[in-house]
Amino acid sequence: MSGSWNDFNDAKQVTNLIPKGTIAKVLLSIRPGGHDDPAQGWTGGYATLGTTGSVYLNGEFTVLEGPFARRKIFTLIGLYSPKGPDWGNMGRSLIRGILNSARGISDKDTSAQAQAARRINGFADLDGIEFLAKIDIGKDANGEDKNEIRIAVTPDHKDYASLMGVVAGSAAPSTAAPQTPTPTTTHTSTPGAGVRPSWAQ
């Protein structure tokens, strides 16, 4: 034993953070803020108006699989800042990535089908969406480290298909199908089913 029973100075600090760069399948829940601005397309009470005049989506991301399953990560998705366009552009970029990841679209795909899949009818389309995220570490309001999500992992990433559980390979359907019939039926059918309905909506 290292220390005295009543002296905890040498006790190790436990960090509860998911390591930076971890890729995980997550589910986005938007915590409603009640702020609507129909002129901007912000309806349904999803957006939040901050004290500084900024507007954002209050995102709660739940890790669905792997060693960090059920862990929650809280990240604000910027919609507008009175300081300038940067925060809103970062939010738009993240949402584009989320749609690409959830709907299985390469970021380089500019086809009409891909462009349609990057459109939403409203924030309700994002509430409950599942996608692959790259987990980062940022700072909270007190300057303490906290997990954040700034980047979605798209089909361009080499591990996308295995982590997302995509059934039909976008790369080589003829060679991939005969070699791996067993794993496809066990684990992949459920996530595949969860990904595709969002295509239609």
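Here we summarise the structure given alongside this text. Note that the structure is predicted; figures quoted are calculated from it, not measured.

**Things to note about the overall build of the chain**
Part 1 of the argument: Along the chain, the regular secondary structure elements total six helices and seven strands.
Part 2 of the argument: In the chain, the succession of α and β elements from N to C terminus is β-β-β-β-β-α-α-β-β-α-α-α-α.
Part 3 of the argument: By residue count, 34% of the 201 residues in the chain fall in the buried class.
Part 4 of the argument: Long-range contacts, defined here as pairs at least 24 residues apart, represent 56% of the contacts in the chain between residues at least 6 apart.
Part 5 of the argument: Summed over its atoms, the accessible surface of the chain is roughly 12,300 Å², and 54% of this surface lies on carbon and sulfur atoms.

**Side note on unusual backbone geometry**
Part 1 of the argument: Here R70, not a glycine, exhibits a phi torsion of approximately 75 degrees, which is positive.
Part 2 of the argument: Tracing the backbone through its elements, the reader meets R70 in the loop between strand 4 (55-63) and strand 5 (72-80).

**Description of the environment of R71**
Part 1 of the argument: Its location among the elements puts R71 in the loop between strand 4 and strand 5.
Part 2 of the argument: Judged by its relative accessible area of 25%, R71 falls in the partly exposed class.
Part 3 of the argument: Here the alpha-carbon distance between R71 and I18, two residues 53 residues apart in the chain, equals 8.9 Å.
Part 4 of the argument: When near neighbours in sequence (up to four residues on either side) are disregarded, R71 contacts N16, L17, I18, F61, T62, V63 and N147.
Part 5 of the argument: A polar atom in the side chain of R71 sits 2.2 Å from the backbone oxygen of N16.

**What to know about the pattern of salt bridges**
Part 1 of the argument: One pass over the structure, following the stated rule, counts eleven salt bridges.
Part 2 of the argument: Salt-bridge contacts for E60 lead to K72; the nearest nitrogen and oxygen are separated by 3.2 Å. You can see E60 sitting in strand 4 and its partner K72 sitting in strand 5, a full twelve residues away along the chain.
Part 3 of the argument: Relative accessible area serves as the criterion here: at 16%, E60 is assigned to the buried category.
Part 4 of the argument: Note that K146 and E148 form a salt bridge whose closest N and O atoms lie 3.9 Å from each other.
Part 5 of the argument: Judged by its relative accessible area of 24%, K146 is partly exposed.
Part 6 of the argument: It is possible to trace a salt-bridge network through shared partners that takes in K20, D136, K146, E148 and R150.

**Focus on the nonpolar core**
Part 1 of the argument: Counting residues in hydrophobic clusters, the biggest one holds 28 residues, and the most contacted among them are L28, L57, F61, F123, L126, F131 and I149.
Part 2 of the argument: Among the elements of the structure, strand 1 (23-31), strand 3 (42-49), strand 4, strand 5, helix 1 (86-103), strand 6 (130-139) and strand 7 (145-153) are those that each provide at least two residues to this core.
Part 3 of the argument: Looking at this core, the element that brings in the most residues is helix 1, giving five residues.
Part 4 of the argument: Once residues within four sequence positions are removed from consideration, L126 is found in contact with L28, I30, L57, I95, L99 and I120.

**Thoughts on the pairing of strand 4**
Part 1 of the argument: In terms of residue burial, strand 4 counts as a mostly covered element, since eight of its nine residues are buried.
Part 2 of the argument: Inspection of the sheet shows strand 1 paired to strand 4 by six bridges, in the antiparallel sense. From the neighbouring strand, I30 faces strand 4, where its bridge partner is G59.
Part 3 of the argument: Pairing analysis gives three bridges linking strand 3 to strand 4, with the strands arranged antiparallel. The residue of strand 4 that forms the bridge with T48 is Y56.
Part 4 of the argument: Remark: five residues form the turn of the hairpin made by strand 3 and strand 4, two consecutive strands paired antiparallel; G53 in that turn has positive phi of roughly 95 degrees.

**Looking at the packing of aromatic side chains**
Part 1 of the argument: Under the criterion given, the structure shown has two aromatic pairs.
Part 2 of the argument: Judged by centre distance (6.0 Å) and plane angle (65 degrees), the rings of Y56 and W87 are edge-to-face. Linking Y56 in strand 4 with W87 in helix 1, this pair joins segments that are 31 residues apart in sequence.
Part 3 of the argument: Using a relative accessible area of 15% as the deciding quantity, one classes Y56 as buried.
Part 4 of the argument: Exposure remark for W87: the relative accessible area of 26% places this residue in the partly exposed category.

Parameters at a glance
All residue numbers here refer to positions counted from 1 along the written sequence of the relevant chain. The predicted origin of the model limits local features to residues at a pLDDT of at least 70 and limits the giving and counting of side-chain atom pairs to 80 or more, whereas totals for whole chains, interfaces and linings rest on all residues. Values reported for side chains reflect all heavy atoms of the structure, with hydrogen atoms and water molecules removed beforehand. The secondary structure listing takes helices from DSSP runs of H or I that are at least 4 residues long and strands from runs of E that are at least 2 residues long, numbered from the N terminus. Exposure categories follow from relative accessible area, calculated using a 1.4 Å probe and restricted to protein chains: below 20% of the type maximum is buried, above 50% is exposed, and the middle band is partly exposed. Any pair of residues with heavy atoms lying within 4.5 Å of one another is described as a contacting pair. Each accessible area is a Shrake-Rupley estimate made with a 1.4 Å probe; only the visible protein chains count as cover when residues are assessed. Contacts described as polar in this section are N or O atom pairs within 3.5 Å, which, within protein, must combine one atom able to donate a hydrogen with one able to accept it, while residues neighboring in sequence count only if both atoms come from side chains. Here, a salt bridge means any side-chain nitrogen of Lys or Arg that lies within 4 Å of a carboxyl oxygen of Asp or Glu. As used here, the term nonpolar core means buried Ala, Val, Leu, Ile, Met, Phe, Trp, Tyr and Cys residues forming a set that is joined through side-chain atoms within 4.5 Å. Only strands that DSSP links by at least two bridges are regarded as paired with each other. Note on ring pairs: Phe, Tyr and Trp rings are taken, using the six-membered ring of Trp, and paired if centres are within 6.5 Å. Classes follow the plane angle, with under 30 degrees stacked, over 60 edge-to-face and the rest tilted.

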